[in-house]
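# Secondary and tertiary structure notes
One-letter residues, chain by chain:
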Amino acid sequence: MRFAIGDTDFLLDGEPHRVLSGAIHYFRVHPDLWQDRIRKAKLMGLNTIETYVAWNAHAPQPGVFDLTGGLDLGRFLDLVAAEGMHAIVRPGPYICAEWSNGGLPYWLFADGTVGVRRNEPGFLAAVSSYLQALAPVLVPRQIDDGGPIVLVQVENEYGAYGSDASYLRALEQMHRDIGLTVPFTSVDQPMGTMLEDGSLPSLHKTGSFGSRATARLARLRQAQPTGPLMCSEFWDGWFDSWGEHHHTTPAAASASDLEDLLAAGGSVNIYMFHGGTNFGFTNGANDKGVYRPIATSYDYDAPLDEAGRPTEKFHAFRAVIERYAPVPPLPTSMQPGGSGRLEPVAGPGVRAGSAVGSGSAVGSGGVGLEARRAPATDVAVRLDRVAPLATLLPTLTSWTAHDVPPTFDALGAASGFVLQRTEVALPTGGVLTVGTEVRDRAIVSVDGVVVGVLEREHHDRAIALPPVTGTLELLVEDQGRVDYGPRIGEPKGLIGDVRVDGELLSRWTAAPLALDPIAPAALSVLGDATPSAGDVLAGPVFASGSFELASVDDRYLCLDGFRKGVAWVNGFCLGRYWSRGPQKTLAVPGPVLREGRNDVLVFELHAAASRTVCLLAEPDLGHTEG
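Let me sum up the structure you'll find in this document. (Residues numbered from 1 in each chain as written. Predicted model: local features only at pLDDT ≥ 70, side-chain atom pairs only at ≥ 80, totals over all residues. Heavy atoms only, no water.)

### Here we look at the overall build of the protein
Scanning the protein from terminus to terminus reveals 11 helices and 37 strands. Taking 25 Å as the expected radius of gyration for a compact globule of 626 residues, we find that the protein reaches 25 Å, a close match to that expectation. In terms of its C-alpha atoms, the protein occupies a principal-axis envelope of roughly 80 × 60 × 45 Å. The buried share among the 626 residues of the protein stands at 59%. Taking the intrachain contacts of the protein between residues at least 6 apart in sequence as the baseline, contacts between residues at least 24 apart amount to 79%. About 22200 Å² of surface is accessible on the protein, with carbon and sulfur atoms providing 53% of the total. Considering the protein, the positive charge centre built from 50 side chains and the negative charge centre built from 72 side chains are found 1 Å apart. (Helix = DSSP H or I, 4+ residues; strand = E, 2+ residues; numbered from the N terminus. Rg over C-alpha atoms; globule rule 2.2 N^0.38 Å. Buried < 20%, exposed > 50% of the residue type's maximum accessible area, 1.4 Å probe, protein only. Contact = heavy atoms within 4.5 Å. Areas by Shrake-Rupley, 256 points an atom, 1.4 Å probe, with all protein chains shown as cover. Lys, Arg positive; Asp, Glu negative; His and termini not counted. Charge placed at Lys NZ, Arg CZ, Asp CG, Glu CD.)

Laid out in structure tokens, this is it:
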């Protein structure tokens, strides 16, 4: 088959074709649930799945490129093809996506010499290597070779960042050089000169917007005089940041905008069809004068919610789409009031030579969690095994010596936490200051007693210390690398000199904490701990407990009474929690669970009023209001 850009339409084997796409990021969904989410997109009437490619997820360290398990992009694309759908792939290299560092590897900028999103040799050389690593996945899966890929996007909303045409030309050529032959696109907001600044004549321009579709398409037509009109990011919701309200858009209003777009003859990619979750430490952040870390949930108020269930928006969008294209019959379980679960299906075939990766597409906790299954019940779990952070440190890290506090980047730490220590003699106390910035949050302790917190969000750089002769300790947390704007690629940690009353503090030791995955030795120490009495927890502390399940299904971890930290189930890092909201629960994918014994682990940074957490059978998506 052939896919091309005609004078007025996309052309599929020479015939006009409308792209009806929905965004699903494979890296935000457990791989055993990929097929379920893809099938549900088809049931809404979509014919295409779009995904970014998260460079930094595949390349966590220099010289590493991981395409296994939840990063098996080939398997994801094969599942799209098995459903008879097409695919749009957006490799970036920059993706934004509210994802850590906008998808760019932190280590790329560690020495301060490599440029960011510009025509700079070090950056372009790294991008070339990245695309060459993707070539065996993408090239044989193009529609020209019988695969699902019909479009590839070059860069991402570049007009909001820069206007370096030489950079875009170099990127375009790199994509061609690895063997990609399908049409290339760009995307920008139809505002100002972004469409022109972020593209080239050889790239088909598309727009990103969520309202005022008629006016946005008119501006897009001005910038793109011929060819199909496409909104390749139709924003049907928005992301959430910690401490802010939960963003929603009325289903009727979003459906009306979609109607206007399709009535004008446009193609669309719904961003998002299903958002998923920022598992582990993968969330990004915004900083437009005030630092705002993105929440763990990426529900996005999408047609398919974080739990994989159809929302009011799903049905409103489906009603619009069926006026312009045929849609499949909707199973009873997917109709309003249904369970949202699909019956299991036989695992789809994959293309010859493709890697299936770990995890089956069906089976226990997998695709199509059965609608006939007996309703699950909530499970309360007491965290009766407790160990302070200090006790587990030998299993989590090792110490290195430094004249000044090193950044995360200098330590080879992509994210998470770094512990910084020095010995001080302050018989009358003093005021500790960080020279430039705290990135992003530091719990300050003296001789093991917490004295306060420095928060980047509040522009904190100073804190009063009590009299102390002993150990000064800062537990520094990276709350998410900035994913948008000029602060992409910046280092994390304590930036600038650390002083007390103007006197420089030197002779530091530093230790990055290995938490995703968490070290098996740490779990062993916790497992051997004697169950303790009492209800409250004083952090920083790890606490674990066990629970039994007769059958597995998606669950949702509720941490009422806990303040801030990280949670795991069966060693899988669910991500960060924070009592400030807006989200109330952490998603636990069914494939993470097992029949029989399961274990939950919490790293609480401050304090908890209870040692009991709850595995909910249904999500609490009401959210707090911040």
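There is more to say after this.
### Considerations on unusual backbone geometry
Cis geometry is adopted by the peptide bond preceding Pro93, which originates at Gly92 and carries an omega value of 15 degrees. Mapping Pro93 onto the fold places it in the loop between β6 (86-90) and α4 (121-138). At the junction of Gly581 and Pro582, the peptide bond is cis and its omega measures out at 15 degrees in the coordinates. Looking at the element boundaries, Pro582 is found in the loop between β33 (572-578) and β34 (585-588). At Glu157, a position not held by glycine, the phi torsion is positive, near 45 degrees. Its location among the elements puts Glu157 in the loop between β7 (149-153) and α5 (165-177). For Arg212, which is not a glycine, the phi torsion comes out positive at approximately 50 degrees. With respect to the helices, strands and loops of the structure, Arg212 is situated in the loop between β9 (204-209) and α7 (213-223). Taking the relative accessible area as the measure of exposure, Arg212 reaches 54% and is therefore exposed.

### Looking at the state of the cysteines
Applying the stated rule across the entire model yields zero disulfides. The structure places no disulfide on Cys573, whose sulfur is separated from the nearest cysteine sulfur, that of Cys558, by 18 Å. (Disulfide = S-S within 2.5 Å.)

### A short note on the pattern of salt bridges
Per the stated rule, a full pass over the model turns up 36 salt bridges. Between Asp144 and Arg2 there is a salt bridge; the shortest N-O distance is 3.0 Å. A residue pair is termed long-range when its members are at least 10 positions apart, and Asp144 in the loop between α4 and β7 and Arg2 in the segment before β1 (3-5) qualify at 142 residues. Here the salt bridges do not stand alone but share partners, grouping Asp287, Glu437, Arg439, Asp440, Arg456, Asp478, Arg487, Glu490 and Lys492 into one network. (Salt bridge = Lys/Arg side-chain N within 4 Å of Asp/Glu carboxyl O.)

### Comments concerning the sheet that holds strand β2 (residues 10-12)
Spatially, β1-β2-β3 is the arrangement adopted by the three strands of the open sheet, whose pairing is antiparallel. Looking along the sheet, the strands with just one partner apiece sit at the ends: β1 and β3 (15-17). Going from strand to strand, the sheet's axes swing by 40 degrees on average, the running direction of each strand aside. Where β1 lies against β2, three bridges are found, and the strand directions are antiparallel. Within β2, the residue paired with Ala4 across the bridge is Leu11. (Pairing = 2+ DSSP bridges. Axes fitted to C-alpha atoms, helices over the stretch in contact; angles between N-to-C directions.)

### Quick look at helix α9 (residues 312-321)
Most of α9 sits inside the fold, with seven of its 10 residues counted as buried. Residues of α9 that are buried include every one of Lys313, Phe314, Ala316, Phe317, Arg318, Val320 and Ile321, and no others. As for α9, its buried residues are in contact with β4 (20-24), α1 (34-43), β10 (230-235), α8 (251-263) and β11 (267-274).

### Remarks on the packing of aromatic side chains
All chains considered together, the criterion is met by 26 aromatic pairs. Seen from their ring centres, Trp55 and Tyr130 are 4.6 Å apart, and the 10 degrees between their planes marks the pair as stacked. Separated by 75 residues along the polypeptide, Trp55 in helix α2 (residues 55-58) and Tyr130 in helix α4 bring together distant segments of the chain. Look at Trp55 and you get buried, because its relative accessible area is 2%. Look at Tyr130 and you get buried, because its relative accessible area is 2%. Centre to centre, the rings of Phe417 and Phe603 are 5.5 Å apart; their planes meet at 75 degrees, and the pair counts as edge-to-face. (Phe/Tyr/Trp six-rings, centres within 6.5 Å; stacked < 30°, edge-to-face > 60°.)

### Quick look at the nonpolar core
Judged by nonpolar contacts, the single largest core of 108 residues is most densely connected at Leu46, Leu73, Phe76, Leu77, Leu138, Leu261 and Tyr271. Ranked by residues supplied to this core, first place goes to α4 with 10 residues. Val552, Phe562, Val592 and Leu615 belong to the second-largest nonpolar core, a separate cluster that totals 25 residues. (Core = buried A, V, L, I, M, F, W, Y, C linked by side-chain atoms within 4.5 Å.)

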